[in-house]
Amino acid sequence: MKFLQAAALTGIWLSSTLVHAAPRDILAAFSSPSNNWDAGTTITLPDNATVFQTATVRWNSNDAPGFAIAITPATEEDAAKAVTIAKNFNFPFLATGGRHSSSITLATIRDGLAIDLSALNSVRINTTAPSVTVGGGTRFRQVVDPLYNAGFYLPIGSCPCPGMVGATIGGGIGRYQGLDGLIIDNLLSVRIVTADGRLITASKDSNADLFWAVRGAGANFGVIVSATYRIHPLSRINNGQILSGDFVIPAASNGSYYDILASLQGTIPVELGTISIAIWNETLSEATILVNWVWLGNEQQGRRFFSRLNALNPIQTNIYTVPWNRLTAAAAFGLGTAICEPVRYNGYGLNFRNLSSSTYQEVFGIMDEFWRRYPDGRTSSVEIEIFAPHAVRRVANDATAYPWRDTLGYTLYSFAWATAETERVGERYGIRVRDAFARTAGFNGPAVYVSYAHGDETLEQMYGSNTRRLLQLKQKWDPQNRFRFFNNIARR
Ligand SMILES: Cc1cc2nc3c(=O)[nH]c(=O)nc-3n(C[C@H](O)[C@H](O)[C@H](O)COP(=O)(O)OP(=O)(O)OC[C@H]3O[C@@H](n4cnc5c(N)ncnc54)[C@H](O)[C@@H]3O)c2cc1C
Ligand SMILES: *[C@@H]1O[C@H](CO)[C@@H](O)[C@H](O)[C@H]1NC(C)=O
Ligand SMILES: *[C@@H]1O[C@H](CO)[C@@H](O)[C@H](O)[C@H]1NC(C)=O
Ligand SMILES: *[C@@H]1O[C@H](CO)[C@@H](O)[C@H](O)[C@H]1NC(C)=O
Ligand SMILES: *[C@@H]1O[C@H](CO)[C@@H](O)[C@H](O)[C@H]1NC(C)=O
Ligand SMILES: *[C@@H]1O[C@H](CO)[C@@H](O)[C@H](O)[C@H]1NC(C)=O
């Protein structure tokens, strides 16, 4: 164990930073030799700025959780011990994976314990099963090379940097929805530390009710130290050579582009995943749409399908094949990589099952107005993701906690600001954009993917008809509501 004796035991930090007795108690409990921490486990206080920063720094610095102490367990058992100690002291704690969530609800933990899972990042492939088991802190980018080199793939998200497990437990959306469903549809089992500190397995055969809850509401139910997924041979996706098309669509073509998107209703091919981001182009001083289309199938068929975008006079076009393990980094002219740089953002998301070109044009116009009026908000964007829904819909809405299987797409308004005024205005635009999308989204009331939720939504807006069962299971598995700092489901 690398423990910071000096910092911990000089009363200076304790008296200046902490007003409550509990952090001091938990510190003493953590430093007890009886814990037998693994040699690789690190416990850090904020005054060791570099190490503490490494253990807690987030992709998005806005509404960040507040921590007074961090543990980076090197083993699954140490993660379980950390939960047990925190529980015994009734000390607030939050597990962190890729630290990519932007939910404003994370700011509800103050002076808490960070259980940083980043050292639990092993990737073990079983080619017989075939399956892969990843540590609870593994990021997408750490999974792709070992799998690709072994001849396999599995559904992942659209960018390299989020936590694989963190993204999974909200549902896990992405380009594979047509062929393989959500990421949770490929999840076989998890090893999870529950609220009482036990390390148990949840799967269809073992603690099946907990496994149901984990697949959509996992952050409210435990700390997953490892997760096992079904994997698929690369032969299923054009031998792992993926056709990807990147385009910059000019403002003048926004209506025609959104018409093409809307025409995907009921016709979207099983191979297709589309991401369209309305962004401000500084060079042109104009609103544009940055587009990435991915085709998980025969290259010639894909190229024929993509050719419908030629008529829109894209400012830029790049259509290429890329090995599966390089796709997330390459997509959208490398935005997949660039987006992983730290930001200060606020996000508003919404699901839709009805596609509406007029709504997308309206939102494009709202954003154009925002960008023109508030130059310091020009790195704000509105993303529309439309993925083939075929395999997602083969699973019933009540088969997992994720309830929105008839979703065809997701939107995410992300806004950035430099001045307080633009921050205030940006919030208003966020709500305006979300309301505009909701009007034609086709759900009875707003529906939102929990991982894209802002944090102000109701439980029903996140979990729909699965809400009741979820609350019953919460009562059973976490009656004290210890896992409450991410879109808290037991807040009422
Ligand atoms: C650039 C970017 C791209 C994204 N792309 C996609 C995408 O393609 N598809 C998609 O579905 N989502 C995507 N997301 C959303 C992402 O899934 C969520 O933000 C998710 O919460 C990130 O998980 P994390 O582990 O990185 O985050 P963290 O902030 O570390 O964790 C978020 C929440 O999950 C909990 N958590 C994390 N790991 C564990 C674990 N092992 N056990 C228990 N709880 C855990 C944490 O306690 C916390 O409450 C993206 C987000 C960003 C910023
Ligand atoms: C910070 O923590 C690291 C890792 O535990 C340790 O090696 C280092 O000595 C600490 N630095 C200070 C100033 O305490
Ligand atoms: C791999 O999976 C097979 C089939 O499920 C199983 O029998 C075997 O024990 C697994 N191997 C390892 C190393 O876990
Ligand atoms: C988007 O397209 C519509 C329809 O062609 C057009 O009326 C509108 O001005 C365009 N929006 C912007 C910001 O250029
Ligand atoms: C903005 O427009 C310029 C000029 O046409 C183009 O070269 C550039 O790629 C665009 N930038 C983005 C981020 O789309
Ligand atoms: C779906 O979108 C179309 C096109 O904009 C719109 O006319 C229709 O009212 C929408 N349906 C619902 C249920 O919102």
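All values derive from a computational prediction rather than experimental measurement.

K.L.:
Residue-level account of the domain arrangement of the protein chain, with values.
P.N.:
Its domain assignment divides the protein chain into domain 1 (2-116), domain 2 (123-230) and domain 3 (239-463). Distance between the C-alpha centres of domain 1 and domain 2: 25 Å. On the side of domain 2, 16 residues touch domain 1, which itself brings ten residues to the contact. Between domain 1 and domain 2, a total of about 1,000 Å² is buried, with carbon and sulfur atoms accounting for 66% of that surface. Viewed at the interface, domain 2 and domain 1 are joined by zero salt bridges. Counting across the domain 1 and domain 2 interface gives one residue pair in polar contact (both at pLDDT 80 or more). Tallying contributions element by element places helix α5 (residues 76-88) first for the side of domain 1 that touches domain 2, with six residues. Of the residues that constitute the side of domain 1 that touches domain 2, the class distribution is four nonpolar, four polar and two charged.

K.L.:
Can you lay out the packing of helix α10 (residues 254-262) against helix α13 (residues 357-373) for me, pointing to particular residues and giving the numbers?
P.N.:
Taken N-terminus to C-terminus, the directions of α10 and α13 make an angle of 140°; their axes are 8 Å apart at the nearest point. In terms of their interaxial angle, α10 and α13 are classed as oblique. Remark: the crossing between α10 and α13 carries right-handed chirality. Taken together, the residues of α13 that come into contact with α10 (itself represented by Asn254, Gly255, Tyr258, Asp259 and Ala262) are Ser357, Tyr360, Gln361 and Phe364. Across the contact of α10 with α13, the residue classes tally to four nonpolar, four polar and one charged.

K.L.:
How would you summarise unusual backbone geometry if you had to cite specific residues and measurements?
P.N.:
The peptide bond linking Ala129 to Pro130 adopts the cis configuration, its omega dihedral lying at -20°. Mapping Pro130 onto the fold places it in the loop between β6 (123-126) and β7 (131-135). Although it is not a glycine, Asp111 adopts a positive phi angle of roughly 50°. Residue placement: Asp111 occurs in the loop between β4 (93-96) and β5 (112-116). Even without glycine at this site, Ala332 takes up a positive phi of about 55°.

K.L.:
Give me the packing of aromatic side chains: which residues, what numbers.
P.N.:
Tallied over the entire structure, the rule returns 27 aromatic pairs. Taking 6.2 Å as the distance between ring centres and 70° as the angle between the ring planes, the aromatic pair formed by Tyr258 and Phe364 counts as edge-to-face. Taken together, the positions of Tyr258 in helix α10 and Phe364 in helix α13 put the pair 106 residues apart, joining distant regions of the chain. Grouping residues by exposure puts Tyr258 and Phe364 together as buried.

Calculation criteria
- Residues numbered from 1 in each chain as written.
- Chains lettered and ligands numbered in written order.
- Predicted model: local features only at pLDDT ≥ 70, side-chain atom pairs only at ≥ 80, totals over all residues.
- Heavy atoms only, no water.
- Domains from an automatic or database assignment.
- Contact = heavy atoms within 4.5 Å.
- Buried area = accessible area lost by both parts, 1.4 Å probe.
- Salt bridge = Lys/Arg side-chain N within 4 Å of Asp/Glu carboxyl O.
- Polar contact = N/O pair within 3.5 Å; in protein donor to acceptor, adjacent residues only side chain to side chain.
- Helix = DSSP H or I, 4+ residues; strand = E, 2+ residues; numbered from the N terminus.
- Nonpolar A, V, L, I, M, F, W, Y, C, P; charged D, E, K, R; others polar.
- Axes fitted to C-alpha atoms, helices over the stretch in contact; angles between N-to-C directions.
- Parallel < 35°, antiparallel > 145°, perpendicular 65-115°, else oblique.
- Left-handed = near helix turned anticlockwise from the far one by under 90°.
- Phe/Tyr/Trp six-rings, centres within 6.5 Å; stacked < 30°, edge-to-face > 60°.
- Buried < 20%, exposed > 50% of the residue type's maximum accessible area, 1.4 Å probe, protein only.

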